[in-house]
Amino acid sequence: MSPLGTMISLSSLATGTIITMSSHHWMMAWIGLEMNTLAILPIISKQHHPRATEAATKYFLTQATASALILFSSSMNAWKTGTWDITQMTDPTANALLTSALAMKLGLAPVHFWLPEVLQGSTMKTALIISTWQKLAPMALIYLTMNNLSTFILLTMGTLSALLGGWAGLNQTQTRKIMAFSSIAHLGWMVTIATTLTNIMTMALIMYLLMTTSMFSALILSKSKTVQDTATSWTMSPTLAIMTMLTLLSLGGLPPLSGFLPKWLILQELITQNLIPMATAIALSTLLSLFFYLRLTYTTTLTTSPNTTQTKHKWRLKPTTPNLLFSTSIPLTMMALPLTPLLMN
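Note that the structure is a prediction, hence the values are computed from the model and not measured.

Describing a nonpolar patch on the surface
A cluster of nonpolar side chains, Leu 332, Leu 339, Leu 342 and Leu 343, forms an exposed patch at the surface whose accessible area comes to about 350 Å². By the element assignment, Leu 342 lies in helix α17 (residues 340–344). Exposure remark for Leu 342: the relative accessible area of 63% places this residue in the exposed category.

Structure (structure tokens):
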């Protein structure tokens, strides 16, 4: 894609999200979501490869369906109540439809099937955009409409996503699919707490964005598309291998890394609200996720793969990929735990 085309697509992508996040009228929110979807389609399909075209088609169909459901639910609410205000969703049927539509937008279980396929069909950089930036608009709508959304549907989908994100990721060998299931599990945690405390949800979203950005940046720098590829990443840069290991452990939620912070606060709040079976279920689902993070950690840092003499000195070569994103997101991915009191005020 030409630089002009890339600039137009990325600026439209940003504008669409900002319109949705700053609107109070359902029609404006819908326009923002549509702009967002249409702007990312050329970015996904720019590879001119059948897998990329297929990924763009799947993404378009699911997002268009979700947008249509949002429009349908807001129209139904306007018909019943006479208002298009986002915060005034009072019709129960419209709320249930909206909850399902936003879940489809985010990729929550059981409407998650598009996410791993789309990430696998796109490039690493595009997968990073879909896993991070594309989650902002639906999460903003969940934040705005939280008082009216169906609590039962959200809690059920959140628990299902956390369990399925861990369970389905166990058998994967492609790093993009592993990151997709990791994304589903993290979004499950966020949606579970959204019903109780939206400020913890926001904090969990920020931590998820930082950790996912760090992980994708590490995979882009080491050019690791499969678990097997990560075994040779130490030849690229020993420091990168260590940082990848710490990012993976942070994604798994191990203390004293930053990833422990949202999990700790979410579990504490769920227990306070007497949702103990749900807290137990999502805490156990983290063990499943932790297994595949640890498997990646093992291949990245604890195995020496058979190498030829030439590749042992690969780290001497100056990397051509810009790593500003990686170096800015890594400190927060690893060391934000002492900032807990500041973040919660």
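What to know about the environment of Ile 18
In this structure, Ile 18 sits in helix α1 (residues 3–22). With relative accessibility at 49%, the residue Ile 18 sits in the partly exposed group. When the C-alpha atoms of Ile 18 and Ala 137 are compared, they prove to be 7.7 Å apart, with 119 residues separating the residues in sequence.

Some thoughts on the nonpolar core
In this structure, Ile 130 and Ile 142 are the most contacted members of the largest nonpolar core, which totals 82 residues. If you tally residues by element for this core, the top one is helix α10 (residues 198–222), at 14 residues. With residues near it in sequence (within four places) discarded, Ile 142 still touches Leu 102, Leu 106, Leu 149, Val 191, Ala 194 and Met 201. With nine residues, the next largest nonpolar core counts Leu 240, Leu 249, Leu 257 and Met 334 among its residues.

Brief notes about the environment of Asn 323
Structurally, the position occupied by Asn 323 is in the loop between α15 (276–301) and α16 (324–335). It is 26 Å that separates the C-alpha atoms of Asn 323 and Leu 187, two residues lying 136 residues apart in sequence.

Observations concerning the pattern of salt bridges
As a working rule, side chains carrying opposite charge can pair if their charged atoms are close by. If you walk through the whole model with that rule in mind, you get four salt bridges. The closest approach of N and O atoms between Glu 54 and Lys 58, which form a salt bridge, is 2.7 Å. Of this pair, Glu 54 and Lys 58 both sit in helix α3 (residues 50–81), four residues apart, which is roughly one turn of that helix. According to the relative accessible area criterion, Glu 54 is partly exposed, its value standing at 36%. Here Lys 177 makes a salt bridge to Glu 117, at a shortest N to O gap of 3.5 Å. Taken as a pair, Lys 177 in helix α9 (residues 175–194) and Glu 117 in helix α5 (residues 114–121) lie far apart in primary sequence, 60 residues in all. Exposure remark for Glu 117: the relative accessible area of 31% places this residue in the partly exposed category.

Quick notes on the packing of helix α2 (residues 26–45) against helix α7 (residues 136–145)
For the pair α2 and α7, the least separation of the axes is 11 Å and the interaxial angle reads 160 degrees. Of the possible angle classes, the one that applies to α2 and α7 is roughly antiparallel. Seen from above, α2 lies across α7 with left-handed handedness. Residues Trp 26, Ala 29 and Leu 33 of α2 form the contact with α7, whose own contacting residues are Ala 137, Leu 141 and Thr 145. For the contact of α2 with α7, a count of residues per class yields five nonpolar, one polar and no charged.

Rules used in this analysis
- Residues numbered from 1 in each chain as written.
- Predicted model: local features only at pLDDT ≥ 70, side-chain atom pairs only at ≥ 80, totals over all residues.
- Heavy atoms only, no water.
- Patch = residues over 30% accessible without salt bridge, like charges linked within 9 Å, V, L, I, M, F, W, Y side chains within 5 Å.
- Areas by Shrake-Rupley, 256 points an atom, 1.4 Å probe, with all protein chains shown as cover.
- Salt bridge = Lys/Arg side-chain N within 4 Å of Asp/Glu carboxyl O.
- Helix = DSSP H or I, 4+ residues; strand = E, 2+ residues; numbered from the N terminus.
- Buried < 20%, exposed > 50% of the residue type's maximum accessible area, 1.4 Å probe, protein only.
- Core = buried A, V, L, I, M, F, W, Y, C linked by side-chain atoms within 4.5 Å.
- Contact = heavy atoms within 4.5 Å.
- Axes fitted to C-alpha atoms, helices over the stretch in contact; angles between N-to-C directions.
- Parallel < 35°, antiparallel > 145°, perpendicular 65-115°, else oblique.
- Left-handed = near helix turned anticlockwise from the far one by under 90°.
- Nonpolar A, V, L, I, M, F, W, Y, C, P; charged D, E, K, R; others polar.

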